[in-house]
Amino acid sequence: MGKIIAIANQKGGVGKTTTAINLCASLVQRGKKVLLVDCDPQGNATTGMGIDKTKVRGLYDVLFRDLPMQNAVVATRYGHVIPSSADLAGANVELVDLDRREYRLKDCMEAVKKLYDFILIDSPPSLELLTLNALSAADTVLVPVQSEFYALEGLTDLVNTIKLVNQRLNPDLKLEGLVLTMYDNRTKLSSDVEEAVRTHFPGKVYQTQIPRTVRLSEAPSHGKPCLAYDRTSKGTRAYLHLANEFLKQQ
């Protein structure tokens, strides 16, 4: 039975999608079968995995047109993907009047859970019904934390959200861990943020730090994870190390 991990942070620009794409590809590189569900209407994880979102059926069809999830899977060299599309932009409005609106994604996933070792959900960078669907479906939450001061404020909001989800929607949801992204070891700010996060979340912060690197930023424009774009880059090595650390904790 596949473990479902929501990659979430209510603050945008923290490396959430970059982590979803590159952790997926790195786990596949380690021999795992992984499904990446793009739950963000922007569809950046979809294009970052080399999929033209205008030419495929995707999560919108699964949630609202009764397409079985297994029929929406797009196979890539870097992992399987449930794509997002522009249609998903109105999903929060369409979900409002549906029965089990917070569990729509969870219900749709039942048929595919047994097919994968891990299912990663790239969540929207805000608290909305799609995000609640991701958190309701997940076993754990993986939180990318940008190495900047304001990231700590967003982290407080996310922790409160997880507590609310525990109380009302998914009592089994746990924190998988926090990963420091856009880390610059030349600056005191990055080390200060790291110290603060490790202090507040003892034992929950990965040792691997994801560096701020041009290669990680360039790779999505080529429709590839970093390990396929530049296998020797610092970003590639960091995500492979993160995958190793992640697997050791399972």
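Keep in mind the model is a prediction, meaning the values are calculated, not measured. (Residues numbered from 1 in each chain as written. Predicted model: local features only at pLDDT ≥ 70, side-chain atom pairs only at ≥ 80, totals over all residues. Heavy atoms only, no water.)

### Here we look at a nonpolar patch on the surface
To be explicit about the condition: Note on patches: the residues involved have over 30% relative accessible area and no salt bridge, like charges join within 9 Å, and the nonpolar side chains Val, Leu, Ile, Met, Phe, Trp and Tyr join within 5 Å. Residue exposure ignores everything except the shown protein chains as possible cover, and the areas themselves are Shrake-Rupley values with a 1.4 Å probe. By convention in these notes, a salt bridge is any Lys or Arg side-chain nitrogen within 4 Å of a carboxyl oxygen on Asp or Glu. The helix and strand labels rest on DSSP assignments: H or I over at least four residues marks a helix, E over at least two residues marks a strand, and numbering proceeds from the N terminus. Exposure categories follow from relative accessible area, calculated using a 1.4 Å probe and restricted to protein chains: below 20% of the type maximum is buried, above 50% is exposed, and the middle band is partly exposed.
Together, Phe149, Tyr150 and Leu189 give the surface a local cluster of nonpolar side chains, amounting to about 340 Å² of exposed area. Take tyrosine 150: it is sitting in helix α7 (residues 149-168). Overall, the relative accessible area of 54% leaves tyrosine 150 in the exposed class.

### Here's the deal with the packing of aromatic side chains
Each pair of aromatic rings is reported with the distance of its centres and the angle of its planes. For clarity, the cut-off: Pairing of aromatic rings covers Phe, Tyr and Trp, the last counted by its six-membered ring, and requires centre-to-centre distances within 6.5 Å; plane angles under 30 degrees mean stacked, over 60 mean edge-to-face, and any other angle means tilted.
Here the structure, examined in full by the defined rule, presents two aromatic pairs. Between tyrosine 60 and phenylalanine 64 the ring centres are 4.9 Å apart and the planes differ by 40 degrees, which places this aromatic pair in the tilted class. Of this pair, tyrosine 60 and phenylalanine 64 both sit in helix α3 (residues 59-64), separated by four residues, roughly a single helical turn. Looking at tyrosine 60, the relative accessible area reads 11%, which means it is buried. Judged by relative accessible area, which is 18%, phenylalanine 64 ranks as buried. Between phenylalanine 118 and phenylalanine 246, the aromatic rings sit 5.1 Å apart at their centres with planes inclined by 65 degrees, giving edge-to-face as the arrangement.

### Points about the sheet that holds strand β7 (residues 174-183)
Filter applied, for reference: Here, strands pair whenever DSSP counts at least two bridges between them. Only the contacting stretch of a helix is used when fitting its axis, a line to C-alpha atoms as for every element, and angles between N-to-C directions run 0 to 180 degrees.
Ordered by their spatial adjacency, eight strands build an open sheet running β3-β4-β2-β5-β1-β6-β7-β8, and the pairing between neighbours is mixed. Every other strand in the sheet has two partners, leaving β3 (74-76) and β8 (205-211) as the edge strands with one partner each. Taking the axes of each pair of neighbouring strands and ignoring which way they run, one obtains an average angle of 25 degrees across the sheet. Summarising the sheet, strand β1 (residues 3-7) and strand β6 (residues 140-146) pair through three bridges and their orientation is parallel.

### Observations regarding the environment of alanine 89
Examined against the element boundaries, alanine 89 turns out to sit in the loop between β4 (79-82) and α4 (91-95). Between the C-alpha atom of alanine 89 and that of tyrosine 60, which follows or precedes it by 29 residues, the distance is 9.2 Å.

### Topic: the pairing of β7
To keep things clear, this is the line we draw: A clockwise path from the first strand over the helix to the second, with the strands pointing away from the viewer, defines a right-handed crossover.
With respect to burial, β7 is a largely interior element, seven of its ten residues being buried. One ladder, built from seven bridges, connects β6 with β7; its direction is parallel. In the sheet register, valine 141 faces β7, and the bridge partner there is leucine 175. At this point the chain moves from β6, through α7, to the parallel β7, and the crossover so formed is right-handed. Relative to β8, β7 runs parallel, the two sharing three bridges. Bridging from a neighbouring strand, leucine 178 pairs with valine 205 of β8.

### Let's talk about the nonpolar core
Our working definition: Nine residue types can take part in a nonpolar core, namely buried Ala, Val, Leu, Ile, Met, Phe, Trp, Tyr and Cys, and a core is a set of them joined through side-chain atoms within 4.5 Å. Residues count as neighbours in contact if any of their non-hydrogen atoms are within 4.5 Å of one another.
Counting residues in each nonpolar core, the largest one holds 50 residues, and the members touching the most others are Val37, Leu59, Met69, Leu105, Met109, Ile121 and Val197. In terms of residue count, helix α6 (residues 129-137) provides more of this core than any other element does, six residues in total. Excluding residues within four positions of it along the chain, methionine 109 makes contact with Ile4, Val37, Met69, Ile119, Ile121 and Ala137. Judged by nonpolar contacts, the second largest core, of 32 residues, contains Leu27, Val81, Phe118 and Leu142.

### A closer look at the pattern of salt bridges
Opposite charge on two side chains lets them pair, provided their charged atoms get close. Taken as a whole, this structure holds 13 salt bridges when the rule is applied. For glutamate 102, the salt bridge is made with arginine 101, and the minimal N-O distance between the two is 3.4 Å. By relative accessible area, glutamate 102 is classed as buried at 18%. The class of arginine 101 is partly exposed, set by a relative accessible area of 31%. Residue arginine 215 pairs with glutamate 218 through a salt bridge whose shortest N-O separation is 2.8 Å. Taken together, the residues span about one helical turn, with arginine 215 and glutamate 218 both in helix α9 (residues 214-218) at a distance of three residues. For arginine 215, a relative accessible area of 33% gives the class partly exposed. When salt bridges that share partners are traced, they join Lys16, Asp40 and Asp122 into one network.

Read these as spatial facts, not as claims about activity.
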